[in-house]
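Close look at the chain arrangement
If you want the building blocks of each chain, they are given just below.
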Amino acid sequence: MQENLREQRLFRQEQLRQIAAAPRAEYLRGRRSAAQNEVQIKLAASARMVLADVEAALCRMAEGRYGGCRLCRRPIDRERLLIVPQARYCSRCQQVREAGTAAPGAGTPPGARGAER
């Protein structure tokens, strides 16, 4: 898994180099549309985010904290780590986090929302 993370780190670093090397002058001369520029910006942001996750996973490995869920502290399934080696959360906790960010108040009875404040 460490080798996989290192390969991902190299891939993301190269991806960011390529995005940075894309000729910005084309955009300034009007050859690149605003939409194309926005896509490049979002790709770079995504690559930086994944790179940060990979770096954090490598640090956890070096510190002996790799493979434990940051929420419930249980071990993350090996199968999940093989697919997402930079995972910080077990599958269950990841689903809970995604459900919470996707739909604020989801699963909360309508009358109970005022009690949360």
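Shown above is the structure to which this text applies.
None of these values were measured; they are calculated from a predicted model.

Quick look at the overall build of the chain
Tallying secondary structure elements over the chain gives six helices and zero strands in all. When the helices and strands of the chain are placed in sequence order, the string is α-α-α-α-α-α. Burial analysis of the chain (117 residues in total) assigns 26% to the buried set.

Points about the nonpolar core
With seven residues, the main nonpolar core is built from Cys69, Ile76, Leu81, Ala87, Tyr89, Cys90 and Cys93. Not counting chain neighbours up to four residues away, the residues in contact with isoleucine 76 comprise Gly67, Gly68, Cys69, Leu81, Ala87, Arg88, Tyr89 and Cys90.

What to know about helix α1 (residues 2-21)
Here α1 is 20 residues long and its end C-alpha atoms lie 29 Å apart, about the 28 Å a rise of 1.5 Å per residue gives. Buried within α1 we find Leu5, Gln8, Arg12, Gln15, Leu16 and Ile19. In an axial view of α1, the angular spread of the buried residues amounts to 95°, which keeps them on one side of the axis. Opposite its buried face, α1 presents the exposed residues Leu10, Gln18 and Ala21, each directed more than 90 degrees away. Looking at the packing, one finds that the buried side of α1 touches α3 (34-63).

Here's the deal with the pattern of salt bridges
Scanning the model with the defined rule gives five salt bridges in all. Two residues, glutamate 38 and lysine 42, come together in a salt bridge whose shortest N-O distance is 3.3 Å. Here glutamate 38 and its partner lysine 42 are both found in helix α3, four residues apart, which amounts to about one turn of the helix. Classification of glutamate 38 as partly exposed rests on a relative accessible area of 42%.

Here we look at the side chain of arginine 60
Looking at where arginine 60 falls in the secondary structure, it is placed in helix α3. A distance of 3.3 Å separates a polar side-chain atom of arginine 60 from the backbone oxygen of glutamine 86. What arginine 60 contacts, discounting residues up to four positions off in sequence, is Arg65, Tyr66, Gln86, Ala87 and Arg88.

What about the environment of proline 85?
Position of proline 85 relative to the elements: it lies in the loop between α4 (78-83) and α5 (91-102). With 31 residues separating them along the chain, proline 85 and valine 54 place their C-alpha atoms 7.9 Å apart. Excluding anything up to four places from it in sequence, proline 85 contacts Asn4, Leu5, Gln8, Ala57 and Tyr66.

Points about unusual backbone geometry
Its identity is not glycine, yet arginine 73 carries a phi of approximately 70°, on the positive side. Mapped onto the fold, arginine 73 is located in the loop between α3 and α4.

The rules we used
Residues numbered from 1 in each chain as written. Predicted model: local features only at pLDDT ≥ 70, side-chain atom pairs only at ≥ 80, totals over all residues. Heavy atoms only, no water. Helix = DSSP H or I, 4+ residues; strand = E, 2+ residues; numbered from the N terminus. Buried < 20%, exposed > 50% of the residue type's maximum accessible area, 1.4 Å probe, protein only. Core = buried A, V, L, I, M, F, W, Y, C linked by side-chain atoms within 4.5 Å. Contact = heavy atoms within 4.5 Å. Expected span 1.5 Å × (residues − 1). Arc of directions from axis to C-beta. Salt bridge = Lys/Arg side-chain N within 4 Å of Asp/Glu carboxyl O. Polar contact = N/O pair within 3.5 Å; in protein donor to acceptor, adjacent residues only side chain to side chain.

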